[in-house]
Amino acid sequence: MVTKEIVTGQPRISVIVPARNEEACLADCLQSLVAQSGVPFEIIVVDDHSTDRTREIATSFPGVRVIEAAPLPDGWTGKNNAVTTGARQSRGEWLLFTDADTVHLPGSLAGALKEAHDNGAELLSYSPEQIAVTFWEMATLPVVFAELARQYSPSKVSDPASPIAAANGQYILIRRDTYDAVGGHAAIAADILEDVALARAVKASGRKIRFRYAQFAVRTRMYRNYRQLRDGWTKNLALLFPTPGWLAAKSLLWWGLAWGALFWPLAMMLGYELTSRSRSFSRLNPEFLTLARVVEHWWWNPVVLLLLIPLGGRLRKANFDLAMEWLGASFGMPMFAYLLLRSKRAHANGSVTWKGRTYGPKDDPVHQLSHHAPTTAGRLS
């Protein structure tokens, strides 16, 4: 049911949803958007040359405007082109850029506008609650978001005195005058991390931004299978962290030390049993037994705890439940290291692919940006 606010009067907010082959999630997104109340708004879905049922689904919602993205210009990313098309045809005083895989909780649209006004923010960005279903989603997301929150805290992003800027492309509410003043997405046409680049431009102009976790307002399931997760983070991680190779090595080292300490006695006893049955390695048999007995020392258990507790504790910033945090600590850290290295190599080779498009170094000036002006956006798309 389309609310009164969406169809009458001048819209206060223009909700712009870029969509490229989003038939799996677009209906839920639009259903949650048309049900918003408390503020006049319009919804514009920009069909980014989809080949599935995206356009059919969008047009089935009365009151939702569906437009075709302009032909993709050279040097532009697909998303920047789509949202620019939508912004040019919008009428609102504020623009909300939100992804097709989001679900908006009741009252969140009016609440976000009030929060922006109350805090004097020209740009308000929410980091949605992340829904994880498959094993690799549950293991990987806590590690990624914990590292992002640790390196670039929302409090610093929201502090006008801090140079750190960030936004999450899944939910960016920005005043139209501000958007136009900084050149909009057209000014960052080649940036893969368009949300980060837009936030940087707004903050550099002296305007206030606000960024925070908002599970009460919006949620999302970013990736629906392992391949999407792998390709999505390959696209982004090397841009989010200025030294992805070092971060991968550090993550693997910490993970290996913590779990190695926990299973040390078991590994040594296994070695003891195997060498006791082998003539070739029998001389090593006493050594394994000696190494296994290290656990008898008074200091062993405190050492294991000092390694394991911080391993789990460092994931607390990710805003996931305890079970997922420990799943991340158990399996997500090596996966995170692999994705960091994969992302670094893909960007170096100019082989970053996403939704049927390939972006190389020439299309990626934000890669240089990430080395001298660290920013983050939680989930980027």
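Heads up: the structure comes first, above all this text.
Residues numbered from 1 in each chain as written. Predicted model: local features only at pLDDT ≥ 70, side-chain atom pairs only at ≥ 80, totals over all residues. Heavy atoms only, no water.

Q: What should I look at first to understand the layout of surface pockets in this one?
A: In this approach, a probe sized like a water molecule rolls over the atoms, and the result shows the empty space that is left. In this structure, the largest pocket encloses a volume near 760 Å³. Along its surface, the largest pocket is lined by 36 residues, and Arg20, Asn21, Glu22, Trp354 and Lys355 are the ones closest to its centre. A total of four residues in the lining of the largest pocket trace back to one element, the largest contributor, which is helix α10 (residues 226-240). A breakdown of the residues in the lining of the largest pocket according to their chemical character gives 11 nonpolar, eight polar and 17 charged. Computed from the structure, the second largest pocket encloses a volume of approximately 310 Å³. If you trace the second largest pocket, you find 22 residues lining it, with Ser127, Phe145, Tyr213, Ala318 and Asn319 closest to the centre. Mapped onto the lining of the second largest pocket, the elements with two or more residues apiece are β7 (129-130), α6 (135-151) and β9 (209-213). Split by residue class, the lining of the second largest pocket holds 13 nonpolar, five polar and four charged. (1 Å grid on protein atoms, 1.4 Å probe; cavity = no way out; pocket = protein on both sides within 12 Å on 5 of 7 lines; lining within 4 Å. Points joined across faces, edges and corners; volume = space filled by probe spheres on them. Helix = DSSP H or I, 4+ residues; strand = E, 2+ residues; numbered from the N terminus. Nonpolar A, V, L, I, M, F, W, Y, C, P; charged D, E, K, R; others polar.)

Q: How should the environment of Thr77 be read in this particular structure?
A: Within the secondary structure layout, Thr77 lies in the loop between β3 (64-68) and α4 (78-88). On the accessibility criterion, Thr77 (5% relative accessible area) is buried. Residues Thr77 and Ile192, spaced 115 residues apart in sequence, show a C-alpha to C-alpha distance of 6.5 Å. Setting aside chain neighbours within four positions, we find Thr77 in contact with Leu72, Ala189, Ala190, Asp191, Ile192 and Tyr359. (Buried < 20%, exposed > 50% of the residue type's maximum accessible area, 1.4 Å probe, protein only. Contact = heavy atoms within 4.5 Å.)

Q: Before we go on, may I ask you to explain the packing of α6 against α10 in this structure?
A: Axes are the key here: two packed helices are described by the angle between their axes and the distance separating the axes. Orientation of α6 relative to α10, taken along the N-to-C sense of each, is 15°, at an axis distance of 12 Å. In this view, α6 runs roughly parallel relative to α10, as classed from their interaxial angle. Crossing angle aside, the handedness with which α6 passes α10 is left-handed. Residues Trp136, Glu137, Thr140, Leu141, Val144, Phe145 and Leu148 of α6 form the contact with α10, whose participating residues are Tyr226, Leu229, Trp233, Leu237 and Leu240. (Axes fitted to C-alpha atoms, helices over the stretch in contact; angles between N-to-C directions. Parallel < 35°, antiparallel > 145°, perpendicular 65-115°, else oblique. Left-handed = near helix turned anticlockwise from the far one by under 90°.)

Q: Even after reading the chapter, I still don't get the pairing of strand β8 (residues 171-175), so can you show me in this structure?
A: Walk down a regular strand and you will see the side chains alternate between the two sheet faces. Of all five residues in β8, five are buried, a share of seventy percent or more. Every second residue of β8 is oriented toward a common face, with Tyr171, Leu173 and Arg175 on one face and Ile172 and Ile174 on the other, all of them buried. Looking at chain direction, strand β4 (residues 94-98) and β8 are connected through five bridges and run antiparallel. Bridge assignment links Leu95 to a residue of β8, and that residue is Ile174. In terms of strand pairing, strand β6 (residues 123-127) meets β8 through three bridges, oriented antiparallel. Along β8, the bridge assignment pairs Ser125 with Ile172. (Pairing = 2+ DSSP bridges.)

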